[in-house]
Amino acid sequence: MAIDFKPSGADLELIDVRKEFPGFVALEDMDLHIPAGEFFALLGPSGCGKTTTLRIVAGLEEQTTGQVLIGGKDVSGTKPHQRPVNTVFQSYALFPHMTILENVAFGLRQRKVEDPLKKAMDALNLVELGYAAQRRPQQLSGGQQQRVALARALVNRPALLLLDEPLGALDLKLRRQMQIELKAIQMEVGLTFLHVTHDQEEAMDMADTVAVMNKGRIEQMGAPESLYDRPKTAFVAKFLGQSNLFVGNVVDSNAASVSIEVGGHKITAPKNRAEKHTGKICIGVRPEKATFHRSAPKLGADHVVVGPGEIIDIRFTGVSNQYLIDIPNIGEVTVFAQNVGISPVVELGEKVWVSWKVEHSFGLADLPAGNEEE
Amino acid sequence: MAFAAFGNSSATEHKGPTKSGGIVLALLMPGLIYLGLFFFTPLFSLIITSLEAPAETGGIGEYVYAFNVENYSYVVQNYLPQIIRSFYYATVATVAALLISYPLAYFIGVKLRNRPLLKSLMLTLVIAPFFISFLLRTIAWKSIFSDGGAVMQLVYNLGLMKPSEHFLGSDFAVIFGLTYNFIPFMTLPLYTTLERFDVRLLEAGADLYANPYKVFTKVTLPITTPGIISGTLLVFIPIAGDYVNASRDFLGSAKTSMIGTMVESDFLQNWDYPSASALSVLLMAVIVILVATYVRSAGTEDLL
């Protein structure tokens, strides 16, 4: 078996990969390139095709059409055991009849690598489980099993490490801790990681590049900051964090900005932050970028002001308060305010105006569901 | 005790709360009484009988207790071919049943996992033969393989066997009958183990560079070993003592007699009760030793 193991990861390329299951299409002609050494996250709700993508890369599922290239080499049609990739499974899938050490050494033994037990022990020490080497998987906690699964994959130094929601079964605190460890290990070993998750915080926290998937295709791809700052579709705007979205017809368009009219208010976005400049478009803003005022604010053209509206809900979440404001003819607008004061600065039912800087607006390429173009 | 191996579960013993000790004992009583009356008493009686000698009066079938250990050396000398044949048949038939049952149980327990209706149907088919007495089924095989039957006519016409040869009465016919009759006892324990087998481990194995053969030998087989042990024991033990298939009234002949055949004829035809008893005790002892060695060497201490 001639598997080419790159010392520092290889790049992954998917060309027009399509996967059809009886009755539905799981992946629609997907093109994807992940450079070597990158931490790449596929993010999306369940059923969006992210796990199918991972399984196709691992060889556990065969694509209907298209090509999979690892390190420039076409691996389409090869069996899982012939591919230089390893997977950390969501269920961990540790072998119950073997010790932890033998579990980790399994891949090395299959490839007849010299000194498998010593290398396995080193990998266990990397995930700080050297003391548990002689135990059985059933004797470990979920978090420990997860680390064994990671060690079992990492010890092979695969060109590409696939992570299938490996932290999904862990509680929140352990999950955050494992995220930090996983990221540190990735930086240390320098492998290419393909991480599949539905947890947007996890994806943004760990990945260099995030691809948001929906209904079998990638909606948007980029660095976490740019994805969050400038979502291009309604799906991304709502799946990745929260957004206030406003739909209206373009009433003003100049070199710098584009404005729509919604319920008697003018909502403006910078032209370079808007995907569409004509017709019926959607402009949004993140809740933490907006502030509210007790009286109508006197702000210049560099601000958007909507209101007045009534505060209908206040939710205390610790670091911030989330205010839900119902503005006539516009709908509900969410505003996050840091809890820097002593108590909520406004009361339920109070009348407020909402404002934000035009530069924080973003214009989407499509419209939210229920606002389809006539 | 080795017989714990019949249970598939590796459940560990729990110490019951001592307060309910009286209730536990009360619940155990029927079982203990049953075992005492219908297992230990006959066993004791059998051992006593195996040491008897012919009565002075010289009547046929009359014996008195004499601590006559020579009965054992007598049966070993006289019945050595049958003893060897019994364990030879049992070994071959057990291996054959395993080779047939494992793929079948794998298919039902793993491949049909998501097809409950088909799975139930297949399981019913495995158990279905039990609805008819195994004596009848064995007789049916006898008539199917009789020299004048269609099957044998075809065999003769194809030149696979000479007209002077017979299938019935051969080693192969007896082993065939034994395998056939005991296959469900192999399939069911294998099925219960394979049904719970986590197929995601197959993907993990493949992902870790093991080809399908290696995945089978390194993952599937070791994990399903408890089922294999249960099945082989459930099949091997009764086959070693079987007296039906090898009988000349069924699939066998004088050349295929097993220990069971000899016990039957000594008890019922020759009225040689001490020899029959000694042979029975011997068979039991050999099986216990074999089973204990087997379970121990299979490395499944948790079964013991």
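Residue numbers here run from 1 along each chain, matching the order of that chain's written sequence. Note on labels: chains are lettered from A, ligands numbered from 1, in written order. Per-residue local features of the predicted model are confined to residues with pLDDT of at least 70, and side-chain atom pairs are confined, for both listing and counting, to 80 or more; whole-chain, interface and lining totals are unaffected and use all residues.

A. The overall build of chain B, seen in detail. Of the regular secondary structure elements, chain B holds 11 helices and 2 strands. In DSSP terms, a helix is any run of H or I states spanning at least four residues, a strand is any run of E spanning at least two, and both are numbered starting from the N terminus. Reading chain B from its N terminus to its C terminus gives the helix and strand order α-β-β-α-α-α-α-α-α-α-α-α-α. Taken along the three principal axes of its C-alpha coordinates, chain B extends 75 × 75 × 35 Å. Put simply, chain B has 304 residues, and 33% of those count as buried. Each residue gets a C-beta atom placed from its backbone, and two residues are in contact if those atoms lie within 7 Å. Look at the contacts in chain B between residues 6 or more apart in sequence, and 70% of them connect residues 24 or more apart. Backbone-placed C-beta atoms define the burial measure: a residue is buried with 20 or more other C-beta atoms within 10 Å of its own, exposed with 12 or fewer, and partly exposed in between.

B. Main features of the overall build of chain A. The number of helices and strands found in chain A is 8 helices and 20 strands. The C-alpha extent of chain A, read off along each of the three principal axes, is 75 × 50 × 35 Å. Relative to its full complement of 374 residues, chain A shows a buried share of 42%. A sequence separation of at least 24 residues applies to 65% of the contacts in chain A between residues at least 6 apart.

C. Local environment of the environment of Ala-276 of chain B. All names here are of chain B. For Ala-276, the position within the fold is in helix H11 (residues 273-297). Residues Ala-276 and Val-295, spaced 19 residues apart in sequence, show a C-alpha to C-alpha distance of 28 Å. Setting aside residues no more than four positions away along its own chain, Ala-276 makes contact with Val-263, Asp-266 and Phe-267.

D. Structural context of the interface of chain A and chain B. Taken together, the contact between chain A and chain B spans 17 residues of the former and 14 residues of the latter. Elements with a minimum of two residues in the side of chain A that touches chain B: strand S6 (85-88) and helix H2 (100-110) of chain A. When residues in the side of chain A that touches chain B are grouped by element, the largest group, 3 residues, is from H2 of chain A. In this classification, the charged set is Asp, Glu, Lys and Arg, the nonpolar set is Ala, Val, Leu, Ile, Met, Phe, Trp, Tyr, Cys and Pro, and all remaining amino acids, among them Gly, are polar. The residue makeup of the side of chain A that touches chain B, split by class, is 8 nonpolar, 7 polar and 2 charged.

E. Expanded view of the sheet that holds strand S4 (residues 65-70) of chain A. Residue and element names in this part refer to chain A. The strand order across the open sheet built from 4 strands is S2-S1-S4-S5, with neighbouring strands paired in antiparallel fashion. The two strands at the open ends of the sheet, each matched to only one other strand, are strand S2 (24-34) and strand S5 (73-74). Summarising the sheet, strand S1 (residues 12-21) and S4 pair through 5 bridges and their orientation is antiparallel. Looking at S4, one finds that Glu-13 is bridged to Leu-69. Paired strands, as defined in this entry, are two strands with at least two bridges between them according to DSSP.

F. Quick look at the sheet that holds strand S3 (residues 39-43) of chain A. Residue and element names in this part refer to chain A. An order of S6-S7-S8-S3-S9-S10 is seen for the 6 strands of this open sheet, with the pairing classed as mixed. Of all strands in the sheet, those bounded by a partner on one side alone are S6 and strand S10 (217-222). Averaged over all pairs of adjacent strands, the angle between their axes in this sheet comes to 20°, without regard to strand direction. By the bridge criterion, 4 bridges tie S6 to strand S7 (residues 160-164) in an arrangement that is parallel. Whenever a helix is involved, its axis is fitted only over the stretch in contact; in every case the axis is a line through C-alpha atoms, and angles between N-to-C directions fall within 0 to 180 degrees.

G. Expanded view of helix H1 (residues 50-58) of chain A. All names here are of chain A. Counting buried residues in H1 gives 9 out of 9 residues, a clear majority hidden from the surface. Where H1 is concerned, the buried positions are Lys-50, Thr-51, Thr-52, Thr-53, Leu-54, Arg-55, Ile-56, Val-57 and Ala-58. Where H1 ends, the next residue or the one after it, Gly-59, has phi of about 90°, a positive value.

H. Local environment of the confidence of the model for chain A. Residues of chain A with pLDDT of at least 70 account for 96%, and the chain-wide mean is 88. Every residue carries a pLDDT, the predictor's confidence in it, which falls somewhere between 0 and 100. The spread of mean pLDDT over the elements of chain A runs between helix H5 (residues 172-189) of chain A, the lowest at 81, and H2 of chain A, the highest at 95.

I. Broad picture of the confidence of the model for chain B. Residues and elements named next belong to chain B. Confidence along chain B averages 88 in pLDDT terms, with 92% of residues attaining 70 or more. For chain B, strand S2 (residues 63-65) is the element with the lowest average pLDDT, namely 83, and helix H6 (residues 171-195) is the one with the highest, namely 95. pLDDT under 50 marks residues 1-13. Its contacts with residues more than four places away, or in other chains, come to 22 contacts. Predicted complex metrics record ipTM = 0.81 and pTM = 0.81.

J. Structural context of the pairing of strand S8 (residues 192-197) of chain A. All names here are of chain A. Of all the 6 residues making up S8, 6 are buried; the element is thus mostly covered by neighbouring parts of the structure. In S8, alternate side chains face the same way, and those of Thr-192, Leu-194 and Val-196 on one face and Phe-193, His-195 and Thr-197 on the other are all buried. Inspection of the sheet shows S3 paired to S8 by 5 bridges, in the parallel sense. When the bridges of S8 are listed, Phe-39 appears paired with Phe-193. Two strands pair when backbone bridges link them, and S7 and S8 are joined in this way by 5 bridges, in the parallel orientation. If you follow Leu-161 over to S8, its bridge partner there is Phe-193. For crossovers, right-handed means that the path from the first strand over the helix to the second runs clockwise, given strands pointing away from the viewer. In terms of handedness, the path from S7 via H5 over to S8 forms a crossover that is right-handed.

K. How the structure looks around unusual backbone geometry. Although it is not a glycine, Asn-329 of chain A sits at a positive phi angle of roughly 70°. Note that Asn-329 of chain A resides in the loop between strand S17 (320-327) and strand S18 (331-338). Of note, Phe-67 of chain B is a non-glycine position whose phi angle comes to about 45°, a positive value. Inspection of the secondary structure puts Phe-67 of chain B in the loop between S2 and helix H2 (70-111).

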